[in-house]
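A structural walkthrough
Listed here are the chains, written in short residue letters.
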Amino acid sequence: VARLCSALLAGILVLVALAPATAAQADDEPDNLVVITGRAEVREGETVDNVFIVDGPVVIDGTVRDAVVAVNGDVLVNGTAEEDVVAVDGRVIVGDGGVVEGDVVSRRRPVLEGDGRLEGSWERWDPTAWRGATSIVGWLAMWFAVTISTLVLGLLLGLLAPRAAAPVADAS
């Protein structure tokens, strides 16, 4: 579960921080492949660092150096995934000649076709393990929203009614 959390966090960071950089690269070989919806494909002969997709399948015919994360879709590895492969709501299929050198985290057992190899281990993703985390994240989000709202309201009142702020400043 900890490995899943770190892989999802890495995927989200890739999505937020590196998506503009991926679009702006000048060379033909992207370092990170980030797709919101559609199909993520690493062609034969290509090498990327990370693959992150929210909705759709991943097809790897080339090489992925780091993590492969698919939130809602299957992952087909015909090439090489050098690190972990995470399929939150999908299946990992290691095709004939494909290699996953790291671990696989998914709800269903990975499928090995022909001489496909999984050199790491398989870990079942348990969605019920997130119940406690979502409640903590929800409370933190609520606290943050109330704090920011209070700050913004105070600044607006100070700007719109500066005479009301003067007696408060004099009283303290």
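Reference entry: report on the structure contained in this document. Think of each chain on its own: its residues are numbered from 1, step by step along the sequence as written. Restriction of local features to residues with pLDDT of at least 70 applies here, the model being predicted, together with a cutoff of 80 or more for giving and counting side-chain atom pairs; totals for whole chains, interfaces and linings are based on all residues. The side-chain values count all of the structure's non-hydrogen atoms but skip hydrogen atoms and water molecules.

1. Focus: the pattern of salt bridges
Applicable threshold: Take a side-chain nitrogen of Lys or Arg and a carboxyl oxygen of Asp or Glu: if they are within 4 Å of each other, that pair is a salt bridge. Only DSSP runs of H or I with at least four residues qualify as helices, and only runs of E with at least two residues qualify as strands; both kinds are numbered from the N terminus onward. Any residue under 20% of the maximum accessible area for its type is buried, any over 50% is exposed, and the rest in between are partly exposed; the area is computed with a 1.4 Å probe on protein chains only.
Tallying each qualifying case throughout the model produces four salt bridges. The closest approach of N and O atoms between Arg-107 and Asp-89, which form a salt bridge, is 3.3 Å. Taken together, the positions of Arg-107 in the loop between β13 (104–106) and β14 (111–112) and Asp-89 in the loop between β10 (85–87) and β11 (92–94) put the pair 18 residues apart, joining distant regions of the chain. Relative accessible area serves as the criterion here: at 37%, Arg-107 is assigned to the partly exposed category.

2. Looking at the side chain of Ser-106
Selection criterion: The contact criterion used throughout is that any non-hydrogen atoms of two residues lie within 4.5 Å.
Considering the arrangement of structural elements, one finds Ser-106 in strand β13. Using a relative accessible area of 0% as the deciding quantity, one classes Ser-106 as buried. The contact partners of Ser-106, leaving out residues within four places of it in the chain, are Ala-87, Gly-90, Val-92, Trp-122, Glu-123, Arg-124 and Trp-125.

3. Re the sheet that holds strand β7 (residues 68–72)
Which entries qualify depends on this criterion: If DSSP finds at least two bridges between two strands, the strands pair. Whenever a helix is involved, its axis is fitted only over the stretch in contact; in every case the axis is a line through C-alpha atoms, and angles between N-to-C directions fall within 0 to 180 degrees.
As summarised here, the arrangement of the six strands in space is β1-β4-β7-β10-β13-β16, forming an open sheet in which the pairing is parallel. Across the chains shown, the open sheet's two edge strands, defined by having one partner strand only, are β1 (32–37) and β16 (122–124). Averaged over all adjacent pairs, the angle separating strand axes in this sheet is 5°, with direction ignored. Sheet topology places β13 next to β16; three bridges connect them, and they run parallel. Counterpart to Ser-106 in the pairing with β16 is Arg-124.

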